[in-house]
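Remarks on the overall topology
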Amino acid sequence: MLKNMIIAIDGEASSGKSTQAKKVADYFGYSYLDSGAFYRAITLFFKKKGITTANRIDKNDLNKISLNSKYDDGKNSIYLNDEDVSNDIRSTDISEIVSDFAKEKTVREHVYRHLREFSENRSTVIDGRDIGTVVFPNADFKFFLYAKPEIRAKRRFSEINKDDINYDSVLDNLNYRDITDSTRKIAPLKKAYDAHSIDVSDLSIDQVFEKVLSIIEK
Ligand code: CDP
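Attention in this report is confined to the structure presented alongside it.

1. Some details on the nonpolar core
Within the largest apolar cluster, 37 residues are counted, with the highest numbers of intra-cluster contacts made by Ile42, Phe46, Ile65 and Leu115. Of all elements in the fold, only strand E1 (6-11), helix H2 (35-48), strand E4 (75-80), helix H4 (92-101), helix H5 (105-118) and helix H6 (131-135) reach the threshold of two or more residues within this core. The contact partners of Leu115, leaving out residues within four places of it in the chain, are Leu33, Ser35, Phe38, Ile126, Ile131, Val135 and Phe136. Grouped together as the second largest cluster of nonpolar side chains are 22 residues, Ala21, Val24, Val200 and Val212 included.

Here it is, written out as structure tokens:
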């Protein structure tokens with residue numbers, strides 16, 4: 001039997017990781033996992049209980065959180081205790097506090113368990129911050145996407161509901177999350193030594209995908 005493939009696509013906030021990961025999964029017929037969505041779902045769980053800082057987490061509560069995801073026809077749905085939270089986890093409120101929750105060891109371990117179990121029996125493309133460095137250090141292919149903050153903010157701003165937020169707040173949030181994510185003690189955002197870096201600043205989605213494919217198919 002052919003071995004399961006793991007393809008890790010890490011990178012900065014809003015660098016197009018999930019778009020590329022889905023394209024790679026579609027192309028090869030692999031499963032897709034958005035690790036960031038799980039950090040967002042855990043954050044949503046605590047926020048609903050009125051807890052907005054990670055130092056107030058009751059560790060036993062994590063055992064009450066089941067996470068699931070379903071990728072179908074280009075659409076990725078995220079379930080928190082069987083409830084579809086795909087839209088709720090993208091709100092500004094969650095983006096503002098998720099990186100604080102993602103610093104917590106117990107939160108990360110909860111997500112890691114899910115990612116590893118899910119990809120045990122199937123080839124999977126996973127996007128995140130520490131997939132190639134910590135979660136799957138032996139991944140078959142690793143990519144690291146980055147771009148100028150202003151370009152990433154412009155792209156994210158074009159995707160979201162403008163009534164909710166303005167461009168400057170989007171830029172501030174991306175910068176805040178990149179700094180928090182790359183300076184944390186556990187599993188910081190950084191390029192794995194053996195990852196292929198791609199500066200996506202001046203590239204279209206298809207141009208990035210061509211680069212990714214050319215590396216995988218070489
Ligand atoms: O899509 P976007 O770039 O906005 O971020 P995301 O992938 O949804 O991740 C949201 C947040 O979750 C990040 O800013 C990190 O704080 C955290 N995260 C992480 O710590 N490790 C991962 N593997 C993925 C996300």
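2. Notes on the site of the ligand
What surrounds the ligand is a group of 19 residues, the closest being Ser14, Arg40, Arg108, Arg177 and Asp181. One of the side-chain nitrogen or oxygen atoms of Ser99 is found 2.9 Å away from an oxygen atom of the ligand. A distance of 2.8 Å separates an oxygen atom of the ligand from a polar atom in the side chain of Arg156. Elements with a minimum of two residues in the shell around the ligand: H2, H4 and helix H8 (167-183). Within the shell around the ligand, the residues separate by chemical class into four nonpolar, five polar and ten charged.

3. Section: the pattern of salt bridges
Counting across every chain of the model gives 16 salt bridges. Put simply, Arg90 and Asp34 hold a salt bridge, and the shortest N to O gap is 3.2 Å. Within this pair, whereas Arg90 is found in the loop between strand E5 (83-84) and H4, its partner Asp34 is found in strand E2 (residues 31-34), the two being separated by 56 residues in sequence. With a relative accessible area of 43%, Arg90 lands in the partly exposed category. Exposure remark for Asp34: the relative accessible area of 7% places this residue in the buried category. The closest approach of N and O atoms between Asp178 and Arg152, which form a salt bridge, is 2.9 Å. Here the residue Asp178 occupies a position in helix H8, and Arg152 occupies one in helix H7 (residues 149-159), the gap between them amounting to 26 residues. Under the relative-accessibility criterion, Asp178 is labelled buried at 9%. Because the salt bridges share partners, they merge into one network encompassing Glu12, Arg152 and Asp178.

Definitions and limits used
Residues numbered from 1 in each chain as written. Predicted model: local features only at pLDDT ≥ 70, side-chain atom pairs only at ≥ 80, totals over all residues. Heavy atoms only, no water. Core = buried A, V, L, I, M, F, W, Y, C linked by side-chain atoms within 4.5 Å. Buried < 20%, exposed > 50% of the residue type's maximum accessible area, 1.4 Å probe, protein only. Helix = DSSP H or I, 4+ residues; strand = E, 2+ residues; numbered from the N terminus. Contact = heavy atoms within 4.5 Å. Near = heavy atom within 4 Å. Polar contact = N/O pair within 3.5 Å; in protein donor to acceptor, adjacent residues only side chain to side chain. Nonpolar A, V, L, I, M, F, W, Y, C, P; charged D, E, K, R; others polar. Salt bridge = Lys/Arg side-chain N within 4 Å of Asp/Glu carboxyl O.

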